[in-house]
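Results of the structural survey
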Amino acid sequence: MFHNYDSNSDLSSKQSYIGMICSMPDVQQNSNHLYPWMIRAFVLQKELIKHNYHIFCYFPYQIDEKNKKATGYILDKGRFKKKTLSIPNINYIYYSDEIDRDVLTHLEDWFLKNKRHLFPDQALNDILSNKHLIANFLTQHGSIIIPKTMEFRFDEVTLDIFLKSNSVAIIKPNKIYLQNELFIVKKYDNTYMLSYYKHE
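This report concerns the structure included in the present document. Small disclaimer: the values here were computed from a predicted structure and weren't measured. (Residues numbered from 1 in each chain as written. Predicted model: local features only at pLDDT ≥ 70, side-chain atom pairs only at ≥ 80, totals over all residues. Heavy atoms only, no water.)

**With respect to the nonpolar core**
Defined as follows: Remark: nonpolar core denotes a set of buried residues (Ala, Val, Leu, Ile, Met, Phe, Trp, Tyr, Cys) joined through side-chain atoms within 4.5 Å. Exposed residues in this analysis have more than 50% of their type's maximum accessible area, buried residues have under 20%, and partly exposed residues fall in between, with area computed by a 1.4 Å probe over protein chains only. A run of H or I in DSSP becomes a helix once it reaches four residues, and a run of E becomes a strand once it reaches two; helices and strands are each numbered from the N terminus. For this analysis, residues touch if any pair of their heavy atoms sits within 4.5 Å.
Of all hydrophobic cores here, the largest spans 15 residues; its most connected members are F56, Y58, I63, A70, I87, F111 and L118. Among the elements that take part in this core, helix α2 (residues 101–113) stands out by supplying four residues, more than any other. If near-sequence neighbours (up to four positions away) are discounted, L118 is found in contact with I21, N91, I93, L107, E108 and F111.

Next comes the structure, spelled out in structure tokens:
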């Protein structure tokens, strides 16, 4: 998964990059573990290279504000290489809900001051990371797009109302980044049947 990077062969200086700010911790060069941000990087890289761009993944604590650089990872021939580069003009925050809000606020201010773009900002991310808000918005443009969606606050009344018109209820976390587990609830007579699934 990782290669040692030959600093004398400055491949990266000849390429244009889109930054991806990750919340996950840095990893060891000899690690073969596939982190979620790596999967996203592979997907983005595939599309970016069609437009002569490449992905540069880095972390908030690896930003050198004084020199306007960051240490992170580039993708070359399917492998991640650690590299220090100038912070790109366009940057995307991956899973910003896992980054401290004070850190995000500071980043937004710094990027604005240094004429660099950061997407999404906190206001937009608060909407994009909320499944219930997204569901309500999409429903306004056609209920066939998504199944009926309600906000569940762990009360039996809400569950009964939902199950009166639906044979099954699927309960999952409201935050986008918490999407690896869910509960499936069915009701037979006055008994609830519960199944739990988690994707590791």
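After that view of the structure, there is still more to cover.
**Quick look at the sheet that holds strand β9 (residues 181–188)**
Note: strands within a sheet are paired through backbone hydrogen bonds, in either parallel or antiparallel orientation. Quick reminder of the rule: Strands pair, by our definition, only if DSSP identifies at least two bridges between them. Only the stretch in contact is used when fitting a helix axis, every axis being a line fitted to C-alpha atoms; angles between N-to-C directions are given from 0 to 180 degrees.
Strand order in this open sheet of three strands is β8-β9-β10, and the pairing throughout is antiparallel. Here the strands that pair on one side only, and so sit at the sheet edges, are β8 (169–171) and β10 (191–198). On average, each strand axis in the sheet is tilted by 25° relative to the strand beside it, whichever way the strands run. In this structure, β8 lies alongside β9, joined through three bridges in antiparallel fashion. The partner of A169 across the bridge, within β9, is V185.

**Some words on the pairing of strand β4 (residues 69–76)**
Most of β4 is tucked away: six of the eight residues are buried. Looking at chain direction, strand β3 (residues 53–64) and β4 are connected through five bridges and run antiparallel. Counted as the bridge partner of C57 is Y73 from β4. Turn length for the β3-β4 hairpin, with the two strands adjacent in sequence and antiparallel, is four residues, and the turn residue K68 shows positive phi of about 55°. Relative to strand β5 (residues 79–86), β4 runs antiparallel, the two sharing eight bridges. Bridged to D76 within β5 is R79. The hairpin turn running from β4 into β5, its antiparallel successor, is two residues long, and K77 in that turn takes a positive phi close to 55°.

**Observations regarding the packing of aromatic side chains**
The line we're drawing: Side-chain rings of Phe, Tyr and Trp, where Trp is taken by its six-membered ring, are said to pair if the distance between their centres is within 6.5 Å; with planes under 30 degrees apart they count as stacked, over 60 as edge-to-face, and otherwise as tilted.
For the structure on display, the rule yields ten aromatic pairs. Taking 5.1 Å as the distance between ring centres and 25° as the angle between the ring planes, the aromatic pair formed by F56 and Y58 counts as stacked. Assessed through its relative accessible area of 0%, Y58 is described here as buried. Judged by centre distance (5.3 Å) and plane angle (75°), the ring pair of W110 and F111 falls under edge-to-face. Like F111, W110 is buried. Clustering of aromatic rings is evident, with ring pairs tying together W37, F42, F59, Y61, Y73 and F80.

**Describing the pairing of strand β2 (residues 16–21)**
Within β2, five of the six residues are buried, leaving the element largely enclosed by the surrounding structure. In terms of strand pairing, β2 meets strand β6 (residues 90–93) through three bridges, oriented parallel. By the bridge assignment, I21 is partnered in β6 with I93.

**Details of the environment of P120**
Along the chain, the position of P120 falls in the loop between β7 (117–119) and α3 (122–128). The spatial distance from the C-alpha of P120 to the C-alpha of I93 is 6.6 Å, given a sequence separation of 27 residues.

**Side note on a nonpolar patch on the surface**
Worth spelling out the cut-off: The residues that make up patches have over 30% relative accessible area and no salt bridge, and they are joined within 9 Å when like-charged or within 5 Å when they are Val, Leu, Ile, Met, Phe, Trp or Tyr. In this description, accessible areas are obtained by the Shrake-Rupley approach with a 1.4 Å probe, and a residue is regarded as covered only by the protein chains that are shown. Any carboxyl oxygen of Asp or Glu within 4 Å of a side-chain nitrogen of Lys or Arg constitutes a salt bridge here.
A cluster of nonpolar side chains, contributed by L34, I39, F42 and V43, occupies part of the molecular surface with about 320 Å² of accessible area. With respect to the secondary-structure elements, F42 resides in helix α1 (residues 36–48).

**Comments concerning the pattern of salt bridges**
Using the criterion set out here, one finds three salt bridges in the structure. Note that E47 is salt-bridged to K50, the shortest N-O span being 3.3 Å. With relative accessibility at 40%, the residue E47 sits in the partly exposed group. Judged by its relative accessible area of 56%, K50 falls in the exposed class.

**What to know about the side chain of K81**
Definition in use: Polar contact is the term for a pair of N or O atoms within 3.5 Å; when the atoms are in protein, one must be able to donate a hydrogen and the other to accept it, and sequence-neighboring residues count only if both atoms are side-chain atoms.
Inspection of the secondary structure assignment puts K81 in strand β5. K81 gets classed as buried once you look at its relative accessible area, which sits at 14%. Within the local environment of K81, its side chain forms a polar contact with the side chain of D76, the two groups lying 2.6 Å apart.

Distances and angles like these do not, on their own, reveal function.
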